[in-house]
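Here are the chains, one letter per residue:
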Amino acid sequence: MEPGQLALLIFAVAFLILVIFIGIFLMRLTRSLGVITLDVDTIARSSNEILGNANTLLNDVNGKVKKLDPTIQAVADLSETVSHLNSSVQNVTNRFSSAKATAGAGAGGVAAAVAKKATSAAMNKFKSKKTEV
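Residues numbered from 1 in each chain as written. Predicted model: local features only at pLDDT ≥ 70, side-chain atom pairs only at ≥ 80, totals over all residues. Heavy atoms only, no water.

The name given to the chain in an unreviewed UniProt entry is DUF948 domain-containing protein, with Leuconostoc falkenbergense as the source organism.

Below you can see the structure in the form of structure tokens.
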């Protein structure tokens, strides 16, 4: 064999080995892509089910929110009414306090005297019970 033929034979064997390795690589790549395709199909089916369930749940929540809207509005109206009632009571209290200050010992003075007498009687009774024990 001449050196040129030997070189050609070595090149042919190397090329054959290269083709075999590329073929093995492509077969493995094909199998991997097949597995990946099956997994993606499974995920797509599962995601369709999940999206369907999410849409059903969202519709259910929207229906319940529509039912709660009047209740929330009623609570807001009640809160506003209580706030107005509170300010009205404060106005009446302020008017009563200012009227009491100008009246002096009127009805407020009588109430204070009765409260003082009741407190005094309760304290005397407590002191007498304490000394008996």
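The rest of the description comes next.
Asks: Could you give an account of the overall build of the chain, with specific residues and numbers?
Replies: A count of helical and extended segments in the chain gives two helices and zero strands. Here the chain has roughly 11900 Å² of accessible surface; of this, 69% comes from carbon and sulfur atoms. (Helix = DSSP H or I, 4+ residues; strand = E, 2+ residues; numbered from the N terminus. Areas by Shrake-Rupley, 256 points an atom, 1.4 Å probe, with all protein chains shown as cover.)

Asks: An account of the packing of aromatic side chains is needed here, citing residue identities and associated values.
Replies: Both the distance between ring centres and the angle between the ring planes are used here to describe each pair of aromatic rings. For the structure on display, the rule yields one aromatic pair. Taken together, a centroid distance of 6.4 Å and an interplanar angle of 25 degrees make the contact between Phe11 and Phe15 stacked. Residue Phe11 and its partner Phe15 are located together in helix 1 (residues 3-103), separated by four residues, close to a single helical turn. Exposure remark for Phe11: the relative accessible area of 56% places this residue in the exposed category. (Phe/Tyr/Trp six-rings, centres within 6.5 Å; stacked < 30°, edge-to-face > 60°. Buried < 20%, exposed > 50% of the residue type's maximum accessible area, 1.4 Å probe, protein only.)

Asks: Hey, could you go over the UniProt feature "transmembrane region" (unreviewed entry) in the chain for me, with residue numbers and the actual values?
Replies: According to UniProt, the positions carrying the feature "transmembrane region" (unreviewed entry) are residues 6-27. Counting secondary structure, residues 6-27 comes out at 100% helix and 0% strand; the distance between its end C-alpha atoms is 32 Å. (UniProt positions renumbered as here; feature names shortened; annotations may be inferred.)

Asks: Report on a nonpolar patch on the surface, specifying residues and quantitative values.
Replies: Together, Leu8, Phe11, Phe15, Leu18, Val19, Ile22, Phe25, Leu26, Leu29, Leu33, Ile36 and Val40 make up an exposed nonpolar region whose accessible area comes to about 1200 Å². Along the chain, Phe25 turns up in helix 1. (Patch = residues over 30% accessible without salt bridge, like charges linked within 9 Å, V, L, I, M, F, W, Y side chains within 5 Å. Salt bridge = Lys/Arg side-chain N within 4 Å of Asp/Glu carboxyl O.)

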